[in-house]
Amino acid sequence: TPILDTAMSERVLREVMRPAAQGLMTDRTPYCGFLYAGLMIGPAGPKVLEFNCRLGDPETQPLMMRLRSDLYTLLLTAARGDPLPTALDWDSRAALCVVLAAAGYPDHPQTGDPICGLDETQGDTVKIFHAGTEARDGTVITAGGRVLGVTALGENLAIAQRRTYAAVADIRWPGLQYRHDIGHRGLRRA
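Asker: Is there a simple way to explain the pattern of salt bridges in this structure?
Answerer: Any two side chains of opposite charge can pair, so long as their charged atoms come close to each other. Following the criterion strictly, the structure yields seven salt bridges and no others. Salt-bridge contacts for Glu 15 lead to Arg 11; the nearest nitrogen and oxygen are separated by 2.7 Å. Placement of both Glu 15 and Arg 11 in helix α1 (residues 6–26) is noted, with a separation of four residues, approximately one turn of the helix. Of the residues examined, Arg 11 reaches a relative accessible area of 25% and is grouped as partly exposed. For the salt bridge of Arg 93 with Asp 91, the shortest nitrogen-to-oxygen distance reads 2.7 Å. On the accessibility criterion, Arg 93 (24% relative accessible area) is partly exposed.

As structure tokens, then:
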């Protein structure tokens with residue numbers, strides 16, 4: 001994301017992530033796992049909204065599209081308490097995810113609707129992550145509020161956005177809803 005350039009990334013590490021890790025060590029709180037900082041970045045810099053000790057959905061999907069290192073090996077290494085590599089292998093392309101939600105989401109999501117068009121969105125630059133789906137009698141149906149995370153890679157954010165929304169256009173079910181502005185702030189900054 002353009003807002004998290006090298007200088008801001010270093011600032012987030014310096015002001016947020018390292019102090020959080022240091023606090024865990026100072027308090028002698030052993031921790032092995034993911035630590036996700038939900039941030040608001042404004043003129044005053046990064047402000048922490050929350051910490052999650054998991055990979056967040058839908059934030060994880062673009063990360064998984066870009067991660068080239070073997071996730072299983074990394075998880076197994078961490079679980080065993082062995083040293084992790086100091087750097088991971090990342091695809092340099094941009095990734096963007098759009099969540100497709102059921103009718104009535106978030107308060108009363110409608111479930112049981114057949115999802116059409118999943119086979120039309122194949123390709124190595126686009127992946128469909130299932131969140132609230134179920135297979136019933138050979139048909140994929142809606143089974144929750146956040147139904148799918150449509151995610152695409154692109155040489156830049158504009159291409160990733162275009163590919164994602166093109167894949168979104170192939171998918172259909174009654175009451176399908178999604179945001180139409182994902183990536184727009186990043187594109188304005190770029």
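After that view of the structure, there is still more to cover.
Asker: I would appreciate a short explanation of the nonpolar core in the present structure.
Answerer: One recurring pattern in soluble globular proteins is that nonpolar side chains are buried together. Counting residues in each nonpolar core, the largest one holds 20 residues, and the members touching the most others are Leu 100, Ile 115, Ile 128, Leu 148, Val 150, Ile 171 and Trp 173. Counting residues per element, the ones that place at least two in this core are β3 (94–101), β4 (126–130), β7 (146–154) and α4 (157–170). The element contributing the most residues to this core is α4, with five residues. Not counting the four nearest positions on each side in its chain, Ile 115 is found in contact with Thr 133, Val 140, Ile 141, Thr 142, Val 147, Leu 148, Ile 171, Arg 172 and Trp 173.

Asker: Even after reading the chapter, I still don't get the environment of Ala 37, so can you show me in this structure?
Answerer: Among the secondary structure elements, Ala 37 is positioned in strand β1 (residues 36–42). A relative accessible area of 15% places Ala 37 in the buried class. With 112 residues separating them along the chain, Ala 37 and Gly 149 place their C-alpha atoms 20 Å apart. Each residue touching Ala 37, except ones within four places of it in the same chain, is listed here: Val 16, Met 17, Glu 50 and Phe 51.

Asker: Can you walk me through a nonpolar patch on the surface in this structure?
Answerer: Together, Phe 34, Leu 55, Leu 63, Leu 75, Leu 88 and Trp 90 make up a nonpolar patch on the protein surface, roughly 470 Å² of accessible area in all. The residue Trp 90 is located in the loop between α3 (71–80) and β3 in this model. Owing to a relative accessible area of 35%, Trp 90 belongs among the partly exposed residues under this scheme.

Asker: Can you walk me through the pairing of β7 in this structure?
Answerer: Of all nine residues making up β7, eight are buried, and the element is well covered by its neighbours. Direction of pairing for β3 relative to β7: antiparallel, over a ladder of eight bridges. Residue Leu 96 lies in a different strand from β7, and its bridge partner there is Ala 152. Two elements, β4 and β7, share five bridges in a ladder whose sense is antiparallel. Residue pairing for β7: Lys 127 is matched across the bridge by Thr 151.

Asker: Explanation requested: the sheet that holds β3 in the structure shown.
Answerer: One key point about sheets: their strands pair by backbone hydrogen bonds, in either a parallel or an antiparallel sense. Strand order in the open sheet formed by three strands is β3-β7-β4, and the pairing between neighbours is antiparallel. Edge positions in the sheet fall to β3 and β4, since each has one partner strand and no second. Across the sheet, the mean angle from the axis of one strand to that of its neighbour is 20°, orientation sign disregarded. Strands in contact with α4 are β3, β4 and β7; relative to β7, the strand with the most contacts, it is inclined by about 140°.

Asker: Looking at this structure, how should I read the packing of aromatic side chains?
Answerer: A full pass over the atoms with the stated rule returns one aromatic pair. Ring centres of Tyr 165 and Tyr 178 lie 6.2 Å apart, and the angle between their planes is 40°; on these two criteria the pair is classed as tilted. Residue Tyr 165 is located in helix α4, and its partner Tyr 178 is located in the loop between α4 and α5 (184–189); the two are separated by 13 residues in the primary sequence.

Cut-off values and rules
- Residues numbered from 1 in each chain as written.
- Predicted model: local features only at pLDDT ≥ 70, side-chain atom pairs only at ≥ 80, totals over all residues.
- Heavy atoms only, no water.
- Salt bridge = Lys/Arg side-chain N within 4 Å of Asp/Glu carboxyl O.
- Helix = DSSP H or I, 4+ residues; strand = E, 2+ residues; numbered from the N terminus.
- Buried < 20%, exposed > 50% of the residue type's maximum accessible area, 1.4 Å probe, protein only.
- Core = buried A, V, L, I, M, F, W, Y, C linked by side-chain atoms within 4.5 Å.
- Contact = heavy atoms within 4.5 Å.
- Patch = residues over 30% accessible without salt bridge, like charges linked within 9 Å, V, L, I, M, F, W, Y side chains within 5 Å.
- Areas by Shrake-Rupley, 256 points an atom, 1.4 Å probe, with all protein chains shown as cover.
- Pairing = 2+ DSSP bridges.
- Axes fitted to C-alpha atoms, helices over the stretch in contact; angles between N-to-C directions.
- Phe/Tyr/Trp six-rings, centres within 6.5 Å; stacked < 30°, edge-to-face > 60°.

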